[in-house]
Amino acid sequence: MIETNILIIGAGPVGLFTVFEAGLLKLKCHLIDALPEAGGQLKEIYPKKPIYDIPGYPSVLAGDLVDNLMEQIKPFKPTFTFGERAETIEKLEDGTFRVESNKGTVIKTNVIAIAAGLGCFEPRKPPLSNITDFEDKGVEYIIKDPNFYKGKRVVVAGGGDSALDWTILLADIAEEVTLVHRRESFRGALDSVEKVVELDKQGKVKLVTNAQITALKGNDKLEQVVIKHKELGEITKDVDHFVPLFGLSPKLGPIADWELNVTKNAIEVDTFDYSTNIEGIYAIGDINTYPGKLKLILCGFHEGTLMVQSAFKHIYPDKKLSFKYTTVTGIDGL
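Residues numbered from 1 in each chain as written. Predicted model: local features only at pLDDT ≥ 70, side-chain atom pairs only at ≥ 80, totals over all residues. Heavy atoms only, no water.

All right, on to the sheet that holds strand β12 (residues 206–209) then. With respect to topology, four strands assemble into an open sheet ordered β12-β11-β10-β16, the strand pairing being parallel. The open sheet is flanked by β12 and β16 (241–244), the only strands paired with a single partner. Adjacent strand axes in the sheet meet at a mean angle of 15 degrees, parallel and antiparallel pairs treated alike. Of the strand pairs in this sheet, strand β10 (residues 153–157) and β16 are connected by four bridges, and their pairing is parallel. What sits directly across from valine 155, in β16, is phenylalanine 242. (Pairing = 2+ DSSP bridges. Helix = DSSP H or I, 4+ residues; strand = E, 2+ residues; numbered from the N terminus. Axes fitted to C-alpha atoms, helices over the stretch in contact; angles between N-to-C directions.)

Here we take up the pattern of salt bridges. What the rule picks out here adds up to 10 salt bridges. Where arginine 153 meets aspartate 240, a salt bridge forms, and the shortest distance between an N and an O atom there is 3.1 Å. In this pair, arginine 153 sits in strand β10 while aspartate 240 sits in the loop between β15 (233–238) and β16, placing the two residues 87 residues apart along the sequence. A salt bridge links lysine 293 to glutamate 303; the shortest N-O distance between them is 3.0 Å. Highlighted residues: lysine 293 in the loop between β21 (288–289) and α6 (297–315) and glutamate 303 in helix α6, separated in sequence by 10 residues. For the residue pair lysine 293 and glutamate 303, the accessibility class agrees, reading buried in each case. Sharing partners across several salt bridges, the network here consists of Glu176, Lys206 and Lys237. (Salt bridge = Lys/Arg side-chain N within 4 Å of Asp/Glu carboxyl O. Buried < 20%, exposed > 50% of the residue type's maximum accessible area, 1.4 Å probe, protein only.)

Burial of the side chains of strand β7 (residues 97–101) is restricted to one face: Phe97, Val99 and Ser101 are buried, whereas none of Arg98 and Glu100 on the reverse face is. Remark: five residues form the turn of the hairpin made by strand β6 (residues 86–91) and β7, two consecutive strands paired antiparallel; glycine 95 in that turn has positive phi of roughly 90 degrees. Summarising the sheet, β7 and strand β8 (residues 106–114) pair through four bridges and their orientation is antiparallel. Its bridge partner being in β8, arginine 98 is matched across the sheet by lysine 108. Hairpin connection, β7 to β8: the antiparallel pair is bridged by four residues, and glycine 104 has positive phi, about 90 degrees.

Time to look at the nonpolar core. Of all hydrophobic cores here, the largest spans 58 residues; its most connected members are Ile6 and Ile114. Secondary structure elements with two or more residues in this core: β1 (2–9), α1 (13–24), β2 (29–33), α3 (62–73), β7, β8, β20 (281–283) and α6. In terms of residues, this core owes the most to one element, α6, which gives seven residues. With sequence-adjacent residues up to four places away left out, isoleucine 6 is seen in contact with Ala22, Leu27, Lys28, Cys29, His30, Thr109, Val111, Ala113, Val308, Ala311 and Ile315. Core analysis: the second largest hydrophobic core is formed by 19 residues, Tyr149, Leu170, Ala174 and Leu179 among them. (Core = buried A, V, L, I, M, F, W, Y, C linked by side-chain atoms within 4.5 Å. Contact = heavy atoms within 4.5 Å.)

Structure (structure tokens):
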């Protein structure tokens, strides 16, 4: 069992910055996220997209912002559970919460901060009739550990940054990497496109455009994919893994069953401290709603800052909270 002061559901930018603010108050944080790494939408969907409204940064790439946030919270040693979603919550007699993930991880916490962005991200699956038969048997929607594909024959499908970036990385790990995209042009960064084209010329990857996967074949596990090419027709290819990277769809997920007040897939909060209708549970960032709500990262930073002040009082009702500027307190050695 994992024990912590604050369980943060969602390791996006708002959740990460909340670790910093909680750390200043000596509160320990654990973060859980269904994605394989920290960063939320910024890291998974548009890591190379510039952001212009972060104070002190005229422009910062989304992925770089996440890296900086991770560096910022290092002194506070947060712990993480990736690739799992918070499934059930139970309020115990002592006022703490027992949270269990979809994979059985149990977390005991004093406070829950829901920073789940637009909700749980679920992969967009290609319309293949038997794709669920091969899930975890050769079909993966998220790459958690690149070394899992060492010496394997991998087909990646997609035309965005994730498909391009993973193709580049797997080129030096997998036995064979094929990238299939239904168009000639890509949506990802030009630099990544050029790298994939160059790898194709070098014979390190196989780039197949104007094509799409139309069928999966195999018995107990995936053995072949059928590629339909615009000019060449159908091609059957032997594979070990098929990784369709078509982006993620946000859904509220199990949070919808937690008896929170919800309006249009957003959690209602009190703007005094961003608390929900359940004492000890807060919601910050894009997941919450209130009059005048703006879905901006910097607004989420503000919400997380006020939330941890309230969380401290909830955890330590008899302690006096003395707010200090970080320029006075410092964070070295905390």
